[in-house]
Amino acid sequence: MNWQETLAQMERGEVRAATQDEQGNWHANVEAKQAILAAFGAGENQEFDGIYQGFVDKHNLPARAFTRDDAVRLVPGGSSVRTGAYVAPGVIIMPPAYINVGAYVGKGTMVDSHALVGSCAQIGENVHLSAAVQIGGVLEPIGASPVIIEDDAFLGAGVVVVEGIVIKKGAVLAPGVSLSASVPIFDLVNNRRLEKGEPIPERAVVIPGTRPVDNEWAREQGLNMACALIVKYRDEQSDASLELESVLR
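Considerations on the environment of Cys120
- With respect to the helices and strands, the residue Cys120 is situated in the loop between strand E12 (116–117) and strand E13 (122–123).
- In the structure, Cys120 is positioned 94 residues away from Trp26 in sequence and 13 Å away in space, judged by C-alpha atoms.

Re the pattern of salt bridges
- Taken as a whole and assessed by the stated rule, the structure comprises eight salt bridges.
- The network of salt bridges with shared partners includes Glu5, Arg12 and Glu14.

Things to note about the pairing of strand E24 (residues 204–212)
- Looking at chain direction, strand E20 (residues 172–173) and E24 are connected through two bridges and run parallel. Along E24, the bridge assignment pairs Leu173 with Val206.
- Relative to strand E25 (residues 224–233), E24 is paired through nine bridges, and the arrangement is antiparallel. Counterpart to Arg211 in the pairing with E25 is Met225.

A word on the nonpolar core
- Ile99, Ile149, Leu155, Val161 and Ile167 are the most contacted members of the largest nonpolar core, which totals 43 residues.
- Put simply, the parts of the chain that give this core at least two residues each are strand E7 (86–87), strand E10 (104–105), E24 and E25.
- Not counting residues within four places of it along the chain, the set of residues in contact with Val161 comprises Gln134, Ile135, Gly136, Val147, Ile149, Leu155, Ile167, Leu173 and Leu179.
- Among the nonpolar cores identified, the runner-up in size contains 13 residues, and Trp3, Ala32, Ile36 and Val101 belong to it.

Here's the deal with the side chain of Thr83
- Tracing the backbone through its elements, the reader meets Thr83 in the loop between strand E6 (80–81) and E7.
- Here Pro62 takes part through its backbone oxygen, which lies 2.7 Å from a polar atom of the side chain of Thr83.
- Each residue touching Thr83, except ones within four places of it in the same chain, is listed here: Leu7, Glu11, Asn60, Leu61, Pro62, Arg64 and Val101.

Observations concerning the sheet that holds strand E21 (residues 178–179)
- Taken in spatial order, the six strands make up an open sheet running E6-E9-E12-E15-E18-E21, and their pairing is parallel. Looking at strand neighbours, the two that pair on one side only are E6 and E21, the edges of this open sheet.

Here we look at unusual backbone geometry
- Pro95 connects to Pro96 through a cis peptide bond whose omega is -15°.
- Topologically, Pro96 is positioned in the loop between strand E8 (92–93) and strand E9 (98–99).
- Following Glu140, the chain continues to Pro141 via a peptide bond in cis, the omega torsion being -5°.
- Within the element layout of this structure, Pro141 appears in the loop between strand E15 (134–135) and strand E16 (148–149).
- The residue Ala132 is not glycine, and still its phi comes out positive at about 65°.
- Checked against the element boundaries, Ala132 lands in the loop between strand E14 (128–129) and E15.
- Using a relative accessible area of 33% as the deciding quantity, one classes Ala132 as partly exposed.

Quick notes on the rules
Residues numbered from 1 in each chain as written. Predicted model: local features only at pLDDT ≥ 70, side-chain atom pairs only at ≥ 80, totals over all residues. Heavy atoms only, no water. Helix = DSSP H or I, 4+ residues; strand = E, 2+ residues; numbered from the N terminus. Salt bridge = Lys/Arg side-chain N within 4 Å of Asp/Glu carboxyl O. Pairing = 2+ DSSP bridges. Core = buried A, V, L, I, M, F, W, Y, C linked by side-chain atoms within 4.5 Å. Buried < 20%, exposed > 50% of the residue type's maximum accessible area, 1.4 Å probe, protein only. Contact = heavy atoms within 4.5 Å. Polar contact = N/O pair within 3.5 Å; in protein donor to acceptor, adjacent residues only side chain to side chain.

Printed below as a string of C-alpha coordinates:
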(Lines give C-alpha, C1' and ligand atoms only; values in the text may rest on other atoms or scores of the structure.)
Protein backbone atom coordinates (compact mmCIF):
# COMPACT_ATOMS: atom_id res chain seq x y z
CA MET A 1 0.00 0.00 0.00
CA ASN A 2 1.39 3.46 -0.91
CA TRP A 3 1.57 6.41 1.45
CA GLN A 4 -1.23 8.26 -0.34
CA GLU A 5 -3.74 5.51 0.41
CA THR A 6 -2.53 5.07 3.99
CA LEU A 7 -2.93 8.79 4.72
CA ALA A 8 -6.37 8.75 3.13
CA GLN A 9 -7.36 5.83 5.36
CA MET A 10 -6.02 7.62 8.42
CA GLU A 11 -8.02 10.71 7.49
CA ARG A 12 -11.15 8.54 7.32
CA GLY A 13 -10.36 6.88 10.65
CA GLU A 14 -9.89 3.45 9.07
CA VAL A 15 -6.20 3.22 9.99
CA ARG A 16 -4.68 4.63 13.17
CA ALA A 17 -1.12 5.43 14.22
CA ALA A 18 -1.59 3.28 17.35
CA THR A 19 -3.81 0.31 18.11
CA GLN A 20 -5.11 -1.22 21.33
CA ASP A 21 -4.85 -4.95 22.03
CA GLU A 22 -7.34 -7.12 23.92
CA GLN A 23 -5.56 -6.40 27.21
CA GLY A 24 -6.00 -2.66 26.70
CA ASN A 25 -2.35 -1.97 25.88
CA TRP A 26 -1.46 0.44 23.09
CA HIS A 27 1.11 -0.20 20.37
CA ALA A 28 2.51 2.02 17.62
CA ASN A 29 1.40 1.22 14.09
CA VAL A 30 4.81 1.26 12.43
CA GLU A 31 3.40 0.99 8.90
CA ALA A 32 1.23 4.06 9.42
CA LYS A 33 4.14 6.10 10.74
CA GLN A 34 6.33 4.93 7.86
CA ALA A 35 3.67 6.20 5.45
CA ILE A 36 3.73 9.63 7.09
CA LEU A 37 7.52 9.80 6.85
CA ALA A 38 7.28 8.72 3.20
CA ALA A 39 4.83 11.56 2.57
CA PHE A 40 7.28 14.07 4.02
CA GLY A 41 10.04 12.59 1.87
CA ALA A 42 7.92 12.87 -1.26
CA GLY A 43 6.73 16.38 -0.50
CA GLU A 44 8.18 19.54 -1.99
CA ASN A 45 7.90 22.96 -0.40
CA GLN A 46 5.46 25.21 -2.18
CA GLU A 47 3.88 28.60 -1.70
CA PHE A 48 0.15 28.54 -1.01
CA ASP A 49 -2.50 30.88 -2.40
CA GLY A 50 -5.85 32.12 -1.15
CA ILE A 51 -6.37 32.26 2.60
CA TYR A 52 -3.01 30.47 3.03
CA GLN A 53 -1.10 32.98 0.94
CA GLY A 54 2.34 33.64 2.41
CA PHE A 55 2.69 30.15 3.89
CA VAL A 56 5.17 27.55 2.65
CA ASP A 57 4.84 23.82 3.38
CA LYS A 58 4.97 20.39 1.78
CA HIS A 59 2.68 20.40 -1.23
CA ASN A 60 1.17 17.01 -0.35
CA LEU A 61 0.32 17.77 3.30
CA PRO A 62 -1.94 20.82 3.16
CA ALA A 63 -4.51 21.83 5.73
CA ARG A 64 -7.78 19.92 5.51
CA ALA A 65 -10.99 21.56 4.36
CA PHE A 66 -14.25 20.60 6.08
CA THR A 67 -17.85 20.78 4.93
CA ARG A 68 -21.10 20.77 6.84
CA ASP A 69 -21.48 17.06 6.05
CA ASP A 70 -18.39 16.30 8.18
CA ALA A 71 -20.36 17.42 11.29
CA VAL A 72 -17.18 19.00 12.67
CA ARG A 73 -17.36 22.54 14.06
CA LEU A 74 -14.15 24.30 13.08
CA VAL A 75 -14.61 27.82 14.40
CA PRO A 76 -12.96 30.62 12.38
CA GLY A 77 -9.84 32.22 13.77
CA GLY A 78 -6.62 30.48 12.81
CA SER A 79 -7.09 26.75 13.50
CA SER A 80 -5.72 24.11 11.17
CA VAL A 81 -6.06 20.35 10.70
CA ARG A 82 -3.40 18.75 8.55
CA THR A 83 -3.96 16.16 5.85
CA GLY A 84 -3.87 12.62 7.28
CA ALA A 85 -5.51 13.55 10.60
CA TYR A 86 -8.90 12.11 11.55
CA VAL A 87 -11.50 14.35 13.17
CA ALA A 88 -14.76 12.61 14.06
CA PRO A 89 -18.28 14.04 13.83
CA GLY A 90 -19.22 16.15 16.83
CA VAL A 91 -15.71 17.48 17.44
CA ILE A 92 -15.35 21.20 18.22
CA ILE A 93 -12.14 23.02 17.38
CA MET A 94 -11.81 26.50 18.89
CA PRO A 95 -9.32 28.98 17.46
CA PRO A 96 -6.42 28.91 17.32
CA ALA A 97 -5.76 25.17 17.57
CA TYR A 98 -3.73 22.70 15.56
CA ILE A 99 -4.14 18.99 14.81
CA ASN A 100 -1.14 17.43 13.09
CA VAL A 101 -0.80 14.59 10.59
CA GLY A 102 -1.60 11.09 11.85
CA ALA A 103 -3.59 12.33 14.84
CA TYR A 104 -6.96 10.82 15.72
CA VAL A 105 -9.68 12.82 17.52
CA GLY A 106 -12.79 10.89 18.57
CA LYS A 107 -16.38 12.08 18.37
CA GLY A 108 -17.70 14.64 20.81
CA THR A 109 -14.26 15.88 21.82
CA MET A 110 -13.51 19.55 22.48
CA VAL A 111 -10.19 20.98 21.29
CA ASP A 112 -10.06 24.39 22.93
CA SER A 113 -8.09 27.52 22.04
CA HIS A 114 -4.29 27.28 21.79
CA ALA A 115 -4.45 23.49 22.09
CA LEU A 116 -2.07 21.29 20.11
CA VAL A 117 -2.69 17.69 19.12
CA GLY A 118 0.68 16.46 17.91
CA SER A 119 1.46 14.05 15.10
CA CYS A 120 0.00 10.55 15.64
CA ALA A 121 -1.52 11.45 19.04
CA GLN A 122 -4.69 9.46 19.73
CA ILE A 123 -7.56 11.30 21.43
CA GLY A 124 -10.66 9.34 22.41
CA GLU A 125 -14.35 10.21 22.46
CA ASN A 126 -15.88 12.95 24.63
CA VAL A 127 -12.48 14.18 25.75
CA HIS A 128 -12.04 17.80 26.84
CA LEU A 129 -8.75 19.42 25.89
CA SER A 130 -8.87 22.78 27.66
CA ALA A 131 -7.14 25.97 26.58
CA ALA A 132 -3.39 25.67 25.89
CA VAL A 133 -3.25 21.88 26.33
CA GLN A 134 -0.19 20.47 24.58
CA ILE A 135 -0.35 16.86 23.40
CA GLY A 136 3.06 15.85 22.10
CA GLY A 137 3.58 14.24 18.74
CA VAL A 138 5.97 11.47 17.79
CA LEU A 139 7.14 10.28 14.39
CA GLU A 140 10.62 9.14 15.41
CA PRO A 141 11.84 6.71 16.54
CA ILE A 142 9.49 4.78 14.29
CA GLY A 143 8.46 2.25 16.96
CA ALA A 144 7.76 4.79 19.68
CA SER A 145 4.14 4.87 20.83
CA PRO A 146 2.37 8.24 20.63
CA VAL A 147 0.49 9.97 23.42
CA ILE A 148 -2.86 8.31 24.10
CA ILE A 149 -5.81 10.08 25.73
CA GLU A 150 -8.68 7.62 26.18
CA ASP A 151 -12.43 8.31 26.22
CA ASP A 152 -14.02 10.75 28.68
CA ALA A 153 -10.73 12.17 29.96
CA PHE A 154 -10.64 15.82 31.03
CA LEU A 155 -7.43 17.84 30.67
CA GLY A 156 -7.38 21.22 32.38
CA ALA A 157 -5.84 24.43 31.06
CA GLY A 158 -2.14 24.30 30.29
CA VAL A 159 -1.73 20.54 30.71
CA VAL A 160 1.26 19.04 28.87
CA VAL A 161 1.40 15.33 27.98
CA VAL A 162 4.39 14.06 25.98
CA GLU A 163 6.68 11.08 25.33
CA GLY A 164 4.04 8.40 24.80
CA ILE A 165 2.20 8.83 28.10
CA VAL A 166 -1.15 7.01 28.23
CA ILE A 167 -4.12 8.59 30.02
CA LYS A 168 -6.80 5.97 30.68
CA LYS A 169 -10.57 6.43 30.47
CA GLY A 170 -12.19 9.12 32.56
CA ALA A 171 -8.98 10.44 34.10
CA VAL A 172 -8.78 14.11 35.07
CA LEU A 173 -5.61 16.19 34.84
CA ALA A 174 -5.84 19.44 36.78
CA PRO A 175 -4.59 22.69 35.21
CA GLY A 176 -0.83 22.87 34.94
CA VAL A 177 -0.07 19.14 35.15
CA SER A 178 2.95 18.17 33.04
CA LEU A 179 3.56 14.50 32.29
CA SER A 180 6.55 12.96 30.55
CA ALA A 181 8.55 9.77 30.89
CA SER A 182 10.79 11.42 33.48
CA VAL A 183 8.09 12.91 35.73
CA PRO A 184 7.37 10.67 38.77
CA ILE A 185 3.71 10.02 39.57
CA PHE A 186 2.57 9.19 43.10
CA ASP A 187 -0.82 7.61 43.89
CA LEU A 188 -1.75 9.02 47.29
CA VAL A 189 -4.92 6.91 47.39
CA ASN A 190 -3.09 3.58 47.07
CA ASN A 191 0.23 4.68 48.60
CA ARG A 192 2.40 3.76 45.64
CA ARG A 193 4.59 5.26 42.96
CA LEU A 194 3.59 4.38 39.42
CA GLU A 195 6.16 2.48 37.41
CA LYS A 196 7.94 4.38 34.66
CA GLY A 197 5.69 4.33 31.60
CA GLU A 198 2.69 3.05 33.54
CA PRO A 199 -0.57 4.63 32.33
CA ILE A 200 -2.51 7.12 34.42
CA PRO A 201 -5.27 4.86 35.82
CA GLU A 202 -8.92 5.12 34.85
CA ARG A 203 -10.83 7.92 36.60
CA ALA A 204 -7.73 9.13 38.47
CA VAL A 205 -7.65 12.81 39.45
CA VAL A 206 -4.13 14.18 39.01
CA ILE A 207 -2.73 17.49 40.28
CA PRO A 208 0.73 19.10 40.03
CA GLY A 209 3.03 18.38 42.94
CA THR A 210 6.62 18.69 44.13
CA ARG A 211 9.01 16.50 46.11
CA PRO A 212 12.39 17.14 47.76
CA VAL A 213 15.47 16.67 45.63
CA ASP A 214 17.51 13.70 46.88
CA ASN A 215 20.75 15.59 47.22
CA GLU A 216 22.32 17.03 50.39
CA TRP A 217 23.14 20.42 48.89
CA ALA A 218 19.68 20.67 47.30
CA ARG A 219 18.07 19.86 50.64
CA GLU A 220 20.11 22.61 52.28
CA GLN A 221 18.78 25.03 49.67
CA GLY A 222 15.20 23.82 50.16
CA LEU A 223 14.92 22.75 46.52
CA ASN A 224 12.12 20.59 45.14
CA MET A 225 11.41 18.98 41.80
CA ALA A 226 8.15 18.56 39.93
CA CYS A 227 6.01 15.44 40.19
CA ALA A 228 2.35 14.55 39.73
CA LEU A 229 -0.03 13.41 42.45
CA ILE A 230 -3.13 11.22 42.16
CA VAL A 231 -5.22 12.68 44.96
CA LYS A 232 -8.51 10.85 44.39
CA TYR A 233 -10.58 8.87 41.90
CA ARG A 234 -13.67 10.33 40.28
CA ASP A 235 -16.98 10.07 42.12
CA GLU A 236 -20.51 11.29 41.41
CA GLN A 237 -19.67 14.82 42.53
CA SER A 238 -16.65 15.15 40.27
CA ASP A 239 -18.57 13.54 37.38
CA ALA A 240 -21.26 16.19 37.70
CA SER A 241 -18.73 19.04 37.72
CA LEU A 242 -17.09 17.73 34.54
CA GLU A 243 -20.22 16.79 32.57
CA LEU A 244 -19.92 17.89 28.97
CA GLU A 245 -22.82 19.83 27.49
CA SER A 246 -24.28 18.03 24.50
CA VAL A 247 -25.86 21.27 23.28
CA LEU A 248 -22.36 22.59 22.46
CA ARG A 249 -21.87 19.79 19.98
